[in-house]
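Observations on chain architecture
The chain contents come next:
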Amino acid sequence: VFIPNFQYLVYDLSRYADHEILGEAVLKSSILLLKYIFSPDLKHKLQDILLWLKELKFDQSVLDHLESVIIYLINSNDKMSFEELSVEIEKAFEKRGKEIMPTIAQKLIRKGILQKSREDIIDVLETRFASIPQETKEIINNIDDVNFLSTLLRKSVIVDSMQEFTDFIYQS
């Protein structure tokens, strides 16, 4: 029997000065974000973090990373509102900043709507039929069409059995 022997390296980023953190812009911005996420200095350091990303050629990968940064900031930090974050991004990215936040906000809203729709369908089915096959939950959780989820929600209220609901999914 092989038992792996893992070693974990833990770095206390607060011990490093910002200029000591080296690397590519995406890596450096990520590490600095991790360093300051719970710090009272985050609002002041955010411009420095975002400026690392501004130096990159603005393409989909930078936009994806920025979206991850924004989601991380929203979920991990209660010191900065979405509006304050929007202002900081507009400052850092100037002309593009006004385009970035609505795009990311729309994506986040769509993800929230999809997730809520899926949860509602599962809640209705569990209330009506006590249990749902795991496979059916996985199918519901992989649907990305808001209109189809809306149809499924209505169907979940009127079907007579779990099998009828599952059959409807497979027929659609």
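A few points on the structure.

1. So, the overall build of the chain
Helix and strand counts for the chain stand at seven helices and zero strands. N-terminal to C-terminal, the α/β element order of the chain is α-α-α-α-α-α-α. Relative to the 2.2 N^0.38 estimate, which gives 16 Å for 172 residues, the radius of gyration of the chain is 22 Å and therefore markedly larger than a compact globule would have. For the C-alpha atoms alone, the extent of the chain along its principal axes is close to 65 × 55 × 30 Å. A total of 172 residues make up the chain; the buried ones form 33% of that total. Within the chain, contacts between residues at least 6 apart in sequence are counted, and of these 62% link residues at least 24 apart. Summed over its atoms, the accessible surface of the chain is roughly 11,300 Å², and 55% of this surface lies on carbon and sulfur atoms. Distance between charge centres in the chain, computed from 21 positive and 28 negative side chains, equals 4 Å.

2. Re the packing of helix H4 (residues 82-129) against helix H5 (residues 134-141)
Packed helices, taken two at a time, are described by the angle their axes make and the gap between the axes. One way to put it is that H4 packs onto H5 with a least axis distance of 9 Å and a crossing angle of 155°. As the angle between them shows, H4 and H5 are arranged roughly antiparallel. Where H4 crosses over H5, the handedness of that crossing is right-handed. When H4 is examined against H5, the residues Arg118, Ile121, Ile122, Leu125 and Glu126 are found in contact with a partner set consisting of Lys137, Ile140 and Asn141.

3. Considerations on helix H2 (residues 42-54)
In a regular helix each residue adds 1.5 Å, so 13 residues correspond to 18 Å; H2 covers 18 Å between its end C-alpha atoms and thus fits that length. Inspection of H2 places Leu42, Leu46, Gln47, Ile49, Leu50 and Leu53 among the buried residues, and these make up the whole buried set. On its buried face, H2 sits against helix H1 (25-36), helix H3 (60-76) and H4.

4. Observations regarding unusual backbone geometry
One can expect most non-glycine residues to show negative phi and most peptide bonds to be in trans. Residues other than glycine seldom take positive phi values, yet alanine 130 does so here, at roughly 70°. Within the secondary structure, alanine 130 sits in the loop between H4 and H5. For alanine 130, a relative accessible area of 66% corresponds to the exposed category.

5. Things to note about the packing of H4 against helix H6 (residues 146-158)
Where H4 meets H6, the axes come as close as 9 Å, and the angle between the chain directions of the two elements is 15°. The pairing of H4 with H6 is recorded here as roughly parallel in orientation. The handedness of the crossing between H4 and H6 is left-handed. Where H4 abuts H6, its residues Ile113, Leu114, Ser117, Arg118, Asp120, Ile121, Val124, Leu125 and Arg128 lie against Val146, Leu149, Leu152, Leu153, Ser156, Val157 and Ile158. Across the contact of H4 with H6, the residue classes tally to 11 nonpolar, two polar and three charged.

6. Re a nonpolar patch on the surface
A cluster of nonpolar side chains, Phe6, Tyr8 and Val10, forms an exposed patch at the surface whose accessible area comes to about 470 Å². Its place among the elements puts phenylalanine 6 in the segment before H1. Residue class for phenylalanine 6 comes out exposed when judged on its relative accessible area of 59%.

The rules behind these values
- Residues numbered from 1 in each chain as written.
- Predicted model: local features only at pLDDT ≥ 70, side-chain atom pairs only at ≥ 80, totals over all residues.
- Heavy atoms only, no water.
- Helix = DSSP H or I, 4+ residues; strand = E, 2+ residues; numbered from the N terminus.
- Rg over C-alpha atoms; globule rule 2.2 N^0.38 Å.
- Buried < 20%, exposed > 50% of the residue type's maximum accessible area, 1.4 Å probe, protein only.
- Contact = heavy atoms within 4.5 Å.
- Areas by Shrake-Rupley, 256 points an atom, 1.4 Å probe, with all protein chains shown as cover.
- Lys, Arg positive; Asp, Glu negative; His and termini not counted.
- Charge placed at Lys NZ, Arg CZ, Asp CG, Glu CD.
- Axes fitted to C-alpha atoms, helices over the stretch in contact; angles between N-to-C directions.
- Parallel < 35°, antiparallel > 145°, perpendicular 65-115°, else oblique.
- Left-handed = near helix turned anticlockwise from the far one by under 90°.
- Expected span 1.5 Å × (residues − 1).
- Nonpolar A, V, L, I, M, F, W, Y, C, P; charged D, E, K, R; others polar.
- Patch = residues over 30% accessible without salt bridge, like charges linked within 9 Å, V, L, I, M, F, W, Y side chains within 5 Å.
- Salt bridge = Lys/Arg side-chain N within 4 Å of Asp/Glu carboxyl O.

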